[in-house]
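# Secondary and tertiary structure notes
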Amino acid sequence: MGPQVDGGTLMLVGGRRVLLAADGSTKAETAASPEPLQEVIVVPTASGKRIIARGSNGIYRLDDPLGAPKPLAQSESDLRAIGAYPGLVVVWTHGSETPRLIDVETGKFKVVSTLPALPMRAVAFRDDKEGAAIFEGVGLAVTSDGGATWKRATEEVAGDALRIRGVVVRGGALRGYVYEEGLESPIDAAQARVDRAVAPPAESNAPALVRWVRTTRMDPIAAAASSGVEVGDGAALVANSGLLARIDTKTGSITALEEFARDVTNGNCTLQRAGKDAWLGCTVNEQPNVDIYDPFAIMRVQLDGSSFKLDGPAVVLSGETELRTSPSGGVMVMGQCTTHDGEGEVCVRQSDGRWVSMSAEVELYTRGVGPLSDGRVAFLRNMWDGDVPETERSEREDEESYDEHDRDYEGDHEEREVPEGKRLYVAAVGDGRKEERIATIAWRPRGELRAQSAIQEDGDHNLHFIVSDDEGVYAIVQPMDKEARRPQKLEGMTEARLRGSRGIAVGMDGIRATTDGGRTWAGVPLPARARDAVMQIDSLVTDPATFGVSEVGLLLDRNVRMGWGATDNIEDPIEPVFDATLPSISRVSVPERLLTCSVEGNVQGTPVLQGSAQVSYLLAKKTPAPKGTRRVTGTSSSSRDGIMGVVALFEEEGSDKPGSLPTKWSFTWHDPAELGGKPRSWSGAPPKGTPWGAQIRGVLGSGARAVITMRIGSKNLLVRTKPQGGIETAEVAYNLLPSNDIVFGSDKGEPIAWMRDTALIVWLSGEAPRIIGHVSYRSNRLLSEPTKDGVTVLLSGTDWSALRVFPIPPMDKKGPEPSPLAPTLDGWTAAPNLTSHIGRFGLCTSKPKGATRFSVPRSYARAAIDASSGSLGYVRYDVYLTGADACVAGATATFSPDRTSARAAPLAAKVPKKGPINFVRADFLGKRAEGGARGLPAKDAMHKLTCTLEERK
């Protein structure tokens, strides 16, 4: 859906422009674009509005909405989105989160100094003064002076401005949304306000093309190419999200529209021809008198030339499934007909209109199962040695020997005669489960056989399907009960699909097509962009959204081929000449540092466990409960870092007499990332009146300090441990529970901070946890070690980073709790990207004065320990940040030696007894490090290490 322009709504259908009038009539573009267009917006300027469009790599100005585009700028990276700024186009590219702005007249890059430090995710202006944008971290902000100043929007409903993901101009007004097809929040730029979200205006009277796009979020041309059914010259039926439409395949306009289901959550549909009719399989709403969860209805579409009539559901199944048809009229669905219909792997339509569940002695799905006109299903047999029924096997016992080694030779092995018993064949099964051979193929597959396209039966009872083995792809057309034929090998092809008589085979060498059910194949000429897509064919063919074949055409990546007529050549569009090239994002190319350690000797300590099953063995009491005492235990481990996170065990004890309450709680925990650490514990009386059944739900911590989440009945209890011993507890609401990392401070009040959704929460000793601010959760977030000055929040993306200090307001014990700091664009400053560049920072030689401390996670890094090189997992770096500089003070990680590494080489001679190194804990400032074998504590399992971060040559 594009913008409103003179004459109607400018829309993109199949990458081409269509002007849709209010009466539903359409006008097609009068000049082709250099590439398929993917987005169109209106950019306000002081002299009027400009229409801007983008393709995959080019940005164009449309001085005439349907005329020749004016090339403005091109991008080396694929374009992801564009937005409107007064006189400028905001451009986002793949691989970058930082937008760039270009002039709508010249295409030249522009720098806007009035933009905040946080990058925009989306932006729209309704005129050259009033606009709205989504900024990282703070959400929705508005301007009423053309972007000279920006102000974060206040909200009628708390949190709306943080949740909004996009902005749009609709009906001349700014509106924000979380989901494009969902509720919309009116935005008042002049008052810097966003109002309560409401449903967009009903569009029951809107033109059919608008209703289709708004409901399905699909391009009707792409829908037709992947799953359309022909209904007359240049017309096709398509279905999705409760709508059945007839479209003009030349323009994409919709000439008829029928709604058969409304407000469908999952609107995926399949539409296929079977005989003279088409059959539709689609998720629908709950059906009257049908007690089925998530109903999926199969409906007949009666075809008469270009007209159609949709019947009611013929059968309703539970859950989305796959519909398969044959040109002969056979129809089936993968799944049993109803949940009350007994067992069955497939549901098949009989010649009298009944639907019957069927199954066979073997699993059917992987055997290319397809429906026959007589109500049976056909499937492949003899796919490998022994893949035949017992009756077939006994009949072939005395057959001529056929050694697999006889086939291992150069040349056309298919010309050799294959014994009958070794040949691939097609079997059929009906309602009585009696299996019958109906066709034999004069061919035996080599290696693994895979059905690429299901078996189809044509009107003359020939079977058509596509298979592949270790040597290639084969098209098979085999008459029933006739002499066995050899398959046709499609040289150079890797995947193929058939839909009725139409089919496509693809490979690195190009594309071949058939219009006679696979009997003959011819090369398909391709435009340059489609040739590029073929080079990525391996990643495309397994996804129906990027590779589909129908009676109407072909979908390949973002390329659509409509029609099946022969084309002698393809003339690629003339390469446009752009006024400018979008500057690429500069990347700092600095080699990563390698964690390098050497073994110095053995030490005693607690290693990293092998898994959560060992938590009880490490932390549980070794003596049984005294007689008359009841003891209940539970364990928890931090999920953020796998087993490198804190582990804990909780025990409640008390009299085993009926009606008694627990009298003692015990917590034992261990931080496996702590250098020289060991299990710690606390025991004491539980909160007064606490019943039996308290559950430990989670634990996060660092060393001697931990925060443990407990569930007692319907209440949530947080327990914090103190470095000097003892605990504090706080009953909290669900929205204050920790959901990610916790950071601990050592200043007065020993502040603890964490994030919950957008809320930044602080817990000071002697107080209750409280929210001190809000930060959007769409980017990477790191919290600093809390200090008396507050908590620093560091936000980052692939190519940007910014931070801000959130102060901790003091509590007035006689007054109300201080209000959280409102999100604001002020106070954010650019910072080093710790998440993306962590491997490039050097060692800290001393603790930097005034530095901010962060714990930075990483999923993977490289390391070398003595003679072993390998990979680090669950990595955590202890980092100090000072202005634009950062250094690494420590690191913890698991270590996996490479298979080819010399890990079996002897360790340093001074080590009395050696063992494997599977984890590392290093304190670079304290010049201490250790590592060893993972598991429970054992003699000689831990080693003293000397570690550093080496620059890689």
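See the structure above.
Below or above, wherever it landed, is the structure these notes cover.

On inspection of all chains with the given rule, the structure shows 44 salt bridges. Glu184 serves as the salt-bridge partner of Arg170, at 2.7 Å between the closest nitrogen and oxygen. Of the two residues, Arg170 is situated in strand β18 (residues 166-170) and Glu184 in strand β20 (residues 184-188); the sequence distance between them amounts to 14 residues. Classification of Arg170 as partly exposed rests on a relative accessible area of 25%. The exposure class of Glu184 is buried, given its relative accessible area of 2%. Here Asp898 and Arg862 are joined by a salt bridge, their closest N and O atoms 2.6 Å apart. Residue Asp898 is found in the loop between β70 (885-897) and β71 (919-923), and its partner Arg862 is found in strand β68 (residues 861-865); the two are separated by 36 residues along the sequence. Residue Asp898 is classed as buried on the basis of its relative accessible area, which comes to 18%. Each of Arg50, Arg61, Asp63 and Glu105 takes part in one network of salt bridges that share partners.

What follows deals with helix α3 (residues 220-227). Counting buried residues in α3 gives seven out of eight residues, a clear majority hidden from the surface. The set of residues buried in α3 consists of Pro220, Ile221, Ala223, Ala224, Ala225, Ser226 and Ser227. Where α3 starts, the residue carrying a side-chain oxygen 2.8 Å from the main-chain nitrogen of Ile221 turns out to be Asp219.

Time to look at unusual backbone geometry. A positive phi angle, close to 60°, is found at Arg217, a residue other than glycine. Within the secondary structure, Arg217 sits in the loop between α2 (208-216) and α3. Note on Arg217: relative accessible area 37%, which makes it partly exposed.

What follows covers the side chain of Ser871. Relative to the helices and strands, Ser871 resides in strand β69 (residues 868-882). Of note is the side chain of Ser871, whose polar atom sits 3.1 Å from the side chain of Arg862. In contact with Ser871, not counting residues within four places along its chain, are Tyr860, Ala861, Arg862, Thr894, Phe895, Ser896 and Asp898.

Restricting attention to buried positions, one finds in α2 the residues Leu209, Val210, Trp212, Val213 and Thr216. Along the long axis of α2, the arc covered by the buried residues comes to 165°, so they all point the same way. Buried residues along α2 sit against β2 (8-13), β3 (16-20), α3, β23 (235-240), β24 (243-248) and β25 (254-259). Arg217 occupies a position one or two residues after α2 and carries a positive phi of about 60°.

Our focus in this paragraph is the state of the cysteines. Under the counting rule described, the total for this entry stands at four disulfides. Each disulfide pairs two cysteine sulfurs, and for Cys597 the partner residue is Cys947, the sulfurs being separated by 2.1 Å. Looking down the S-S bond of the Cys597 and Cys947 bridge, the torsion is 115°, so its handedness is right-handed. Linking Cys597 in strand β50 (residues 593-603) with Cys947 in strand β73 (residues 942-951), this pair joins segments that are 350 residues apart in sequence. Accessibility assignment for this pair places Cys597 and Cys947 in one class, buried. Put simply, Cys844 and Cys887 are joined by a disulfide, and their sulfur atoms are 1.9 Å apart. As the torsion about the S-S bond is roughly 95°, the Cys844-Cys887 disulfide counts as right-handed. On the criterion of sequence distance, the pair formed by Cys844 in the loop between α8 (834-837) and β67 (852-858) and Cys887 in strand β70 is long-range, its members being 43 residues apart. Comparing Cys844 with Cys887, the two get one shared label, buried. Sequence-ordered numbering of the bonded cysteines in the chain gives a disulfide pattern of 1-2, 3-4, 5-8, 6-7.

Its place among the elements puts Ala28 in strand β4 (residues 26-28). The exposure class assigned to Ala28 is partly exposed, which follows from its relative accessible area of 42%. For the pair Ala28 and Thr45, spaced 17 residues apart in the sequence, the C-alpha separation amounts to 27 Å. Aside from chain neighbours lying at most four places away, what touches Ala28 is Arg17 and Leu66.

For the coordinates displayed, the defined rule picks out 12 aromatic pairs. Measuring from ring centre to ring centre gives 6.3 Å for Tyr85 and Trp150, while their planes differ by 40°; the resulting arrangement is tilted. Taken together, the residues Tyr85 in strand β9 (residues 79-85) and Trp150 in the loop between β15 (139-143) and β16 (151-152) connect sequence positions 65 residues apart. On the numbers, 6.3 Å between centres and 75° between planes, the contact of Phe806 with Trp828 is edge-to-face. With a gap of 22 residues between them, Phe806 in strand β65 (residues 801-806) and Trp828 in the loop between β65 and β66 (829-830) connect regions that are remote in the sequence.

Here we take up the pairing of β71. Counting buried positions along β71 yields four of five residues, so the element is predominantly enclosed. Both β70 and β71 contribute to a ladder of five bridges, which runs antiparallel. Across the sheet, the residue bridging to Gly890 is Asp923, located in β71. Pairing of β71 with strand β72 (residues 928-932), which is carried by five bridges, proceeds in the antiparallel orientation. Residue pairing for β72: Phe919 is matched across the bridge by Gly932. As consecutive antiparallel partners, β71 and β72 are separated by four residues, and within that stretch Lys927 has a phi angle of approximately 55°, a positive value.

Time to look at the nonpolar core. As a rule of thumb, nonpolar side chains are buried together in soluble globular proteins. The biggest cluster of nonpolar side chains holds 33 residues, and the ones touching the most others in it are Leu595, Leu834 and Cys947. Contributing elements (two or more residues each) for this core: β50, β67, β68, β69, β70, β71 and β73. In contact with Cys947, not counting residues within four places along its chain, are Leu595, Thr596, Cys597, Val920, Ala922, Phe924 and Ala929.

Pairing in this open sheet of three strands is antiparallel, and the strands run β46-β47-β48 from one edge to the other. The two strands at the open ends of the sheet, each matched to only one other strand, are β46 (547-549) and β48 (559-562). On average, adjacent strands in this sheet sit at an angle of 5° to one another, irrespective of strand direction. One ladder, built from four bridges, connects strand β47 (residues 553-556) with β48; its direction is antiparallel.

On to the sheet that holds strand β35 (residues 377-381), then. Pairing between the strands of a sheet comes from backbone hydrogen bonds, and it takes one of two forms, parallel or antiparallel. In space, the four strands of this open sheet follow the order β34-β35-β36-β37, with antiparallel pairing throughout. The sheet terminates laterally at β34 (370-371) and β37 (435-440), the two strands that pair on one side only. Pairing of strand β36 (residues 425-429) with β37 involves five bridges; the strand directions are antiparallel. Residue pairing across strands places Val429 opposite Glu435, the latter belonging to β37.

Attention now moves to the environment of Glu435. Along the chain, Glu435 turns up in strand β37. By relative accessible area, Glu435 is classed as partly exposed at 21%. Expressed as a C-alpha distance, the spacing of Glu435 and Asp557, which sit 122 residues apart in the sequence, is 40 Å. The contact partners of Glu435, leaving out residues within four places of it in the chain, are Phe379, Arg381, Pro389, Tyr425, Ala427, Ala428 and Val429. For Glu435, the side chain forms a polar contact with the side chain of Arg381, separated by 2.8 Å.

What counts and how
- Residues numbered from 1 in each chain as written.
- Predicted model: local features only at pLDDT ≥ 70, side-chain atom pairs only at ≥ 80, totals over all residues.
- Heavy atoms only, no water.
- Salt bridge = Lys/Arg side-chain N within 4 Å of Asp/Glu carboxyl O.
- Helix = DSSP H or I, 4+ residues; strand = E, 2+ residues; numbered from the N terminus.
- Buried < 20%, exposed > 50% of the residue type's maximum accessible area, 1.4 Å probe, protein only.
- Polar contact = N/O pair within 3.5 Å; in protein donor to acceptor, adjacent residues only side chain to side chain.
- Contact = heavy atoms within 4.5 Å.
- Arc of directions from axis to C-beta.
- Disulfide = S-S within 2.5 Å.
- Phe/Tyr/Trp six-rings, centres within 6.5 Å; stacked < 30°, edge-to-face > 60°.
- Pairing = 2+ DSSP bridges.
- Core = buried A, V, L, I, M, F, W, Y, C linked by side-chain atoms within 4.5 Å.
- Axes fitted to C-alpha atoms, helices over the stretch in contact; angles between N-to-C directions.

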